[in-house]
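Given next are the chains, with one letter for each unit.
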Amino acid sequence: MLKKLIEPMQLVLLQKKYCPGCTRKLDSQRNRTGRSQTTEKVVCDCGRIFIYDKELDTYRRAAFQEV
Ligand SMILES: [Zn+2]
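Just so we're clear, the structure is a prediction, and the values are computed from it rather than from any experiment.

Re the packing of aromatic side chains
Under the definition given, this model contains 1 aromatic pair. If you follow Lys25 out to its NZ or CZ, it ends over the ring of Tyr18, 4.7 Å from the centre. Against the face of Tyr52 rests Arg32, its NZ or CZ located 5.5 Å from the ring centre.

So this is what it looks like as structure tokens:
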């Protein structure tokens, strides 16, 4: 029940480039590793891991197999 409310909020935060866990700005996170020509792995201060798509300029949560 609660999850249904939280998930859309987290998506909105991600679209605004904030970490949904701690609301830090992902653009200012320095822990970034290139994964391919177009994507970077970004590790937030809180330990959450995201994939940044340079072409689309978007962040998404990393899937387990990507960590
Ligand atoms: Zn965070």
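A look at the pattern of salt bridges
A complete count under the given rule lists 5 salt bridges for this structure. Here Asp57 makes a salt bridge to Lys17, at a shortest N to O gap of 2.6 Å. Here Asp57 is found in the loop between β3 (49-53) and β4 (58-61), whereas its partner Lys17 is found in the loop between α1 (2-15) and β1 (32-34), with 40 residues between them in sequence. On the basis of relative accessibility, which here comes to 35%, the residue Asp57 falls in the partly exposed class. Given a relative accessible area of 15%, Lys17 falls into the buried group. A single network of salt bridges, built from pairs that share partners, joins Arg35, Arg60 and Glu66.

A closer look at the coordination of the zinc ion
Donor atoms from the polypeptide that coordinate the zinc ion comprise Cys19 (SG), Cys22 (SG), Cys44 (SG) and Cys46 (SG), at 2.2 to 2.3 Å from the metal. What the 4 donor atoms of the zinc ion show is an angle range of 105 to 113 degrees at the metal, which sorts the shape as tetrahedral. Mapped onto the sequence, the residues coordinating the zinc ion show the spacing C-x2-C-x21-C-x1-C. On the accessibility criterion, Cys19 (0% relative accessible area) is buried. On the basis of relative accessible area, Cys22 is assigned to the partly exposed category, the value being 22%.

A closer look at the sheet that holds β3
The 4 strands lie next to each other as β1-β2-β3-β4, forming an open sheet whose pairing is antiparallel. Two strands bound the open sheet, and with one partner strand each, they are β1 and β4. Taking the axes of each pair of neighbouring strands and ignoring which way they run, one obtains an average angle of 30 degrees across the sheet. As judged from the 4 bridges shared by β3 and β4, these two strands associate in the antiparallel manner. Paired with Ile51 across the bridge in β4 is Arg60.

Each value, and the rule that gives it
Residues numbered from 1 in each chain as written. Predicted model: local features only at pLDDT ≥ 70, side-chain atom pairs only at ≥ 80, totals over all residues. Heavy atoms only, no water. Phe/Tyr/Trp six-rings, centres within 6.5 Å; stacked < 30°, edge-to-face > 60°. Lys NZ or Arg CZ within 6 Å of the ring centre and 35° of its normal. Salt bridge = Lys/Arg side-chain N within 4 Å of Asp/Glu carboxyl O. Helix = DSSP H or I, 4+ residues; strand = E, 2+ residues; numbered from the N terminus. Buried < 20%, exposed > 50% of the residue type's maximum accessible area, 1.4 Å probe, protein only. Donors = N, O, S within 2.8 Å, 3.2 Å for Na, K, Ca; no water. Tetrahedral: all angles 85-135°; square planar, octahedral: opposite > 155°, others 65-115°. Pairing = 2+ DSSP bridges. Axes fitted to C-alpha atoms, helices over the stretch in contact; angles between N-to-C directions.

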